[in-house]
Structures are given as structure tokens and as C-alpha cells.
Amino acid sequence: MAHIKLHNEELPGIVGLLNYRPETGKALTDLAEVLLRGPSTLSSGEREIIAASVSFWNGCHFCHTSHAAAAAAHLKTGISLIDDIKAGLPNTLVSDKLRALLHIAHQVQRNGKNVTGEDIKWARDLGATDLEIHDTVLIAAAFCMYNRYVDGLGTWAPGPKEAYTEMGERMAHVGYGKF
Amino acid sequence: MPHINLPSEFPGIRSLFMFRPETAKPLNDLVQTMLHNPHPSLSAGERELIAAYVSDLNTCKYCCNIHGAIAKHQLGNDGDTVKQVLTDPETAPITDKMKALLKIAAKVQSGGKNVSPADIELARGEGASDIDIHDTVLIAAAFCMYNRYVDGLATWQPDDEALYDKMGEQRAREGYHTPPFKVNREEAVSSEVSTQQYNN
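Fair warning: this is a prediction, and the values are worked out from it, not measured in the lab. (Residues numbered from 1 in each chain as written. Chains lettered and ligands numbered in written order. Predicted model: local features only at pLDDT ≥ 70, side-chain atom pairs only at ≥ 80, totals over all residues. Heavy atoms only, no water.)

Peer 1: Honestly, the overall build of chain A in this entry has me stumped. Any pointers?
Peer 2: Helix and strand content of chain A: 9 helices and 0 strands. The secondary structure elements of chain A, listed N-terminal to C-terminal, are α-α-α-α-α-α-α-α-α. Its C-alpha radius of gyration of 16 Å places chain A within 12% of the 16 Å reference for a compact globule of 179 residues. Considered along the principal axes of its C-alpha atoms, chain A spans approximately 50 × 35 × 25 Å. When the 179 residues of chain A are sorted by exposure, 59% land in the buried category. One way to put it: in chain A the 17 positive side-chain charges average out to a point 2 Å from where the 20 negative ones average out. (Helix = DSSP H or I, 4+ residues; strand = E, 2+ residues; numbered from the N terminus. Rg over C-alpha atoms; globule rule 2.2 N^0.38 Å. Buried < 20%, exposed > 50% of the residue type's maximum accessible area, 1.4 Å probe, protein only. Lys, Arg positive; Asp, Glu negative; His and termini not counted. Charge placed at Lys NZ, Arg CZ, Asp CG, Glu CD.)

Peer 1: Can you walk me through the overall build of chain B in this structure?
Peer 2: Of regular secondary structure, chain B possesses 10 helices and 0 strands. Along chain B, from the amino end to the carboxyl end, the secondary structure elements read α-α-α-α-α-α-α-α-α-α. In terms of overall size, chain B behaves like a compact globule, its C-alpha atoms giving a radius of gyration of 17 Å where 200 residues would be expected to give roughly 16 Å. Summarising its shape, the C-alpha atoms of chain B cover approximately 50 × 40 × 25 Å along the three principal directions. Counting the 200 residues in chain B, one finds 58% classified as buried. Long-range contacts, defined here as pairs at least 24 residues apart, represent 70% of the contacts in chain B between residues at least 6 apart. Carbon and sulfur atoms provide 51% of the accessible area of chain B, an area that totals close to 8100 Å². (Contact = heavy atoms within 4.5 Å. Areas by Shrake-Rupley, 256 points an atom, 1.4 Å probe, with all protein chains shown as cover.)

Peer 1: Whenever I open this one, the environment of Thr136(A) confuses me. Can you help?
Peer 2: Residues and elements named next belong to chain A. Mapped onto the elements of the fold, Thr-136 is located in helix 8 (residues 130-152). Expressed as a C-alpha distance, the spacing of Thr-136 and Lys-26, which sit 110 residues apart in the sequence, is 22 Å. Among all residues touching Thr-136, those that are not within four sequence positions of it are Leu-42, Ile-50, Leu-101, Ile-104 and Ala-105. Within polar-contact distance, the side chain of Thr-136 engages the backbone oxygen of Glu-132 at 2.8 Å. (Polar contact = N/O pair within 3.5 Å; in protein donor to acceptor, adjacent residues only side chain to side chain.)

Peer 1: What should I look at first to understand the environment of Ile49(A) in this one?
Peer 2: By secondary structure assignment, the location of Ile49(A) is in helix 3 (residues 44-57). Overall, Ile49(A) belongs to the buried group, its relative accessible area being 1%.

Peer 1: Sorry if this is basic, but what is going on with the interface of chain A and chain B here?
Peer 2: For interface size, the figure often reported is the accessible area lost on association. Every contact between the two is made by 44 residues of chain A and, on the other side, 44 residues of chain B. Regarding the contact of chain A and chain B, the summed buried area is about 3600 Å², with carbon and sulfur atoms giving 66% of it. Three residues stand out in chain A for area buried against chain B, namely His3(A), His134(A) and Arg148(A), and they jointly supply 18% of the buried area on that side. If you look at where chain A meets chain B, you find 4 salt bridges. Across the pair Arg20(B) and Asp135(A) runs a salt bridge, and its minimum N-O distance is 2.6 Å. Across the contact surface, chain A and chain B share 19 residue pairs in polar contact (both at pLDDT 80 or more). For the side of chain A that touches chain B, the leading source of residues is helix 8 of chain A, giving 15 residues. For the side of chain A that touches chain B, the residue count by class is 23 nonpolar, 10 polar and 11 charged. (Buried area = accessible area lost by both parts, 1.4 Å probe. Salt bridge = Lys/Arg side-chain N within 4 Å of Asp/Glu carboxyl O. Nonpolar A, V, L, I, M, F, W, Y, C, P; charged D, E, K, R; others polar.)

Peer 1: So what exactly am I meant to see when it comes to helix 9 (residues 165-173) of chain A here?
Peer 2: Think of an α-helix as 3.6 residues a turn; residues three or four steps apart then line up on the same face. All names here are of chain A. Within the sequence span of helix 9, burial applies to Met-167, Gly-168, Met-171 and Ala-172. Projected onto a plane normal to the axis of helix 9, the buried residues spread over an arc of 130° and lie on a single side. Turning to helix 9, the residues buried within the fold contact helix 2 (22-37) and helix 4 (61-75). Phi turns positive, to about 120°, at Gly-175, one or two residues after helix 9. (Arc of directions from axis to C-beta.)

Peer 1: Looking at this structure, I do not really get the pattern of salt bridges. What am I missing?
Peer 2: Should their charged atoms come close, side chains of opposite charge can pair. Within this structure, the stated rule accounts for 25 salt bridges over all chains. The closest approach of N and O atoms between Lys25(B) and Asp29(B), which form a salt bridge, is 2.7 Å. With Lys25(B) and Asp29(B) both in helix 2 (residues 21-36) and 4 residues apart, this pair spans about one turn of that helix. Residue class for Asp29(B) comes out buried when judged on its relative accessible area of 15%. Each of Arg21(A), Glu23(A) and Asp135(B) takes part in one network of salt bridges that share partners.

Peer 1: Looking at this structure, I do not really get helix 5 (residues 79-87) of chain B. What am I missing?
Peer 2: All names here are of chain B. Listed as buried for helix 5 are Thr-81, Val-82 and Val-85. Along the long axis of helix 5, the arc covered by the buried residues comes to 100°, so they all point the same way. Opposite the buried face of helix 5, at more than 90 degrees from it, the exposed residues are Asp-80, Lys-83 and Thr-87. Where the residues of helix 5 are buried, they touch helix 3 (44-57), helix 4 (61-74) and helix 6 (96-110). Measuring from the side-chain oxygen of the N-cap residue of helix 5 to the backbone nitrogen of Asp-80 gives 3.3 Å; that N-cap residue is Asp-78.

Peer 1: Looking at this structure, I do not really get the side chain of Asn147(A). What am I missing?
Peer 2: Structurally, Asn147(A) is set in helix 8. Ignoring anything within four residues of it in the chain, the contact list for Asn147(A) reads Val54(A), Ser55(A), Asn58(A), Cys60(A) and Cys63(A).

Structure, rendered in C-alpha cells:
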């Protein structure tokens, strides 16, 4: 049970919170839509992997599993990707540039000041642009918000990863704030 | 030096808003709704105090100083209360409800799961509503984003208290959607310092 009385207790994770407070919900879904599905030289699948990884490092089961399911829907990998993200992607073919961006995201997850010039140079040497570095930092920062919001209000989340397949498909192909 | 090529006339998050207007829009909409728009039971000053307090816990100089300055102006030019909240909320001249909400904010800053039912009960006992608790958690969570965004890209964060005060006065009066004024890094900072000395 959530720490506050939601309008609809059946809605899991952030969905119940967006429904509870639509005034803030609008900006929160607009941000997710532009960050994860807006025009970018990073694919939506890559951006969802960053979102899911940060959520896993923050220990937020709902955000990790749902965004990993969205990544799987974009990349057509099957839901084994959810566990592979936890392990650091040993079984998923991703670019070295994405691995360097994931390292930056991990630094941001701990604290913004942890990002070093060397971390940035590594990503740049592998072809990352200013915009890609910017978006990586903002996605990582944003999930430090979403994760705390979802866990800080004690929302409930479905357990097994199979329960997230359909949600991931909708996040990937319908979009945020649209269901 | 910032990690990416940002416009040099704007400090902190404002340089990032200029760099990427597509993400600036929802980020600004969120802060306007959380901190500036009318609220049933928390004043704008109280909400700005939560933002400044969490930014201080995250050691984000720009966010702590600017939201501290906005709080000061929202609280009727009361910079003393802001300083005391940043030093120790327990002894600051704020309501017991605010003290309980700041405890929740600190828990959120250290990790969402750290908020316990006892923290919530304490706030409720001091008169906090569900909306108060919701908004406190969201403000604290959102500043864990804004702080990491501002620090993670190594934006320019001035040391000039008078400059933050001037920017804070503008935001307290106008909200978050109006354009920021440009800051000339060398000249403005030195003239701001001399103005401050003048006033004192």
C-alpha cells in the first residue's frame, strides 16, 4: 500500500502517482516522452537501456523492469534483456559508445560531481556528441527523480518480469502520457 | 569548464535550458507547478525551502544558492530562516509540520526506500495532508534530478551571493517561465560585488 491514499490503488508504480496529481504528471510524462522517444541520434532502445540501468542501480524494481521491457520492445530482444541489464549487458550486443555513456550515467547516479573529464573523453573518443552526452546525463538524473518518487511514496509493483511485457510494448510504441 | 559546449552568458541550469529547449520545456513546467503555482497548504516559500535544503544535501552550489535566494524573497526577505534551515531544520523558526516534511525530504534524497511509515506518521501527526506528503517527496526527488543535471555537466556556478539574490528576486516575482537576464562573467560579477558592498 502506498504511503498516501491514491485515487486508484490498482495502478502500479508511477502510473498511480501520475493519476493522483495530473498537474505534475503532465510535465513528468512530457519529459519522459522527449527524453526517451523524441528525435535523437541515440535510438529509443539505447535510451531505455540507460533508463533501466540507472533504475536498477537505484534499486527501483518497477522502473527497472518496465523500462527494460520497453528497451526489449524497441530492440526485439525478448524479456531476457531485463536480467541482462542487471548483469551489465554481457549477452547483449551494444556499441562501445553506449557502454561509455552507461559509465557516465552510473557516475551521475551516484552524484553529478562524480563525472570526470576522463569519463567524457572516453565517450567522445568513441563518437559521442555533446547532445548525446547531455541527454545521457539528463536521462540518468531524471531516473534518480522518477525512482525516488516511485519508491518514496511506497507504491506497489508487479513482481515477475513477464508481467511487464505488455506495459513495455505500450511504453515503446504508444508513448508516455498516452495510456 | 562545462563538459559540453554551453552558452557562456547563463549560469547553472539556465545554460542547459538554452542548450536544449526541447527538454527545458517540461523541466521548467515541472518546477513552476511544484514550487510557484498556488498550493492548497504549502506556501511557495516553504516549497522553495525544501528545494534549497535537498540541493544542499546533494552539495549542488548553484541550485542551493538560487533556491535559497528565491525562498528568501518568497518568505518576505527573510534570509535568516533560510540559513537556519540549511544549518539545522530542527532549531529553525519553521512549523513542526515543515520539520517533519524536511525529514521525509532528507530520506528521499538518500534513497526513496528510506522513507518509513513512521516518517509519514510523524508528518501526518503535525497536520501534513496527502498532497503535502506527495509534493514533498516529488520536490525532493526532482531536486535529486536538477542537482545531478547541473553538476553532471559541470555548468558554471558563480560564487556571487548578490547575483543569486538578484536572480532569486526575479524568479520569486515572475515564476520560472520568463527569460533569464544575461550575466557577463567578469564584469557583472565584480560590479555585483561592489553593489553589495555599497548596500552594506
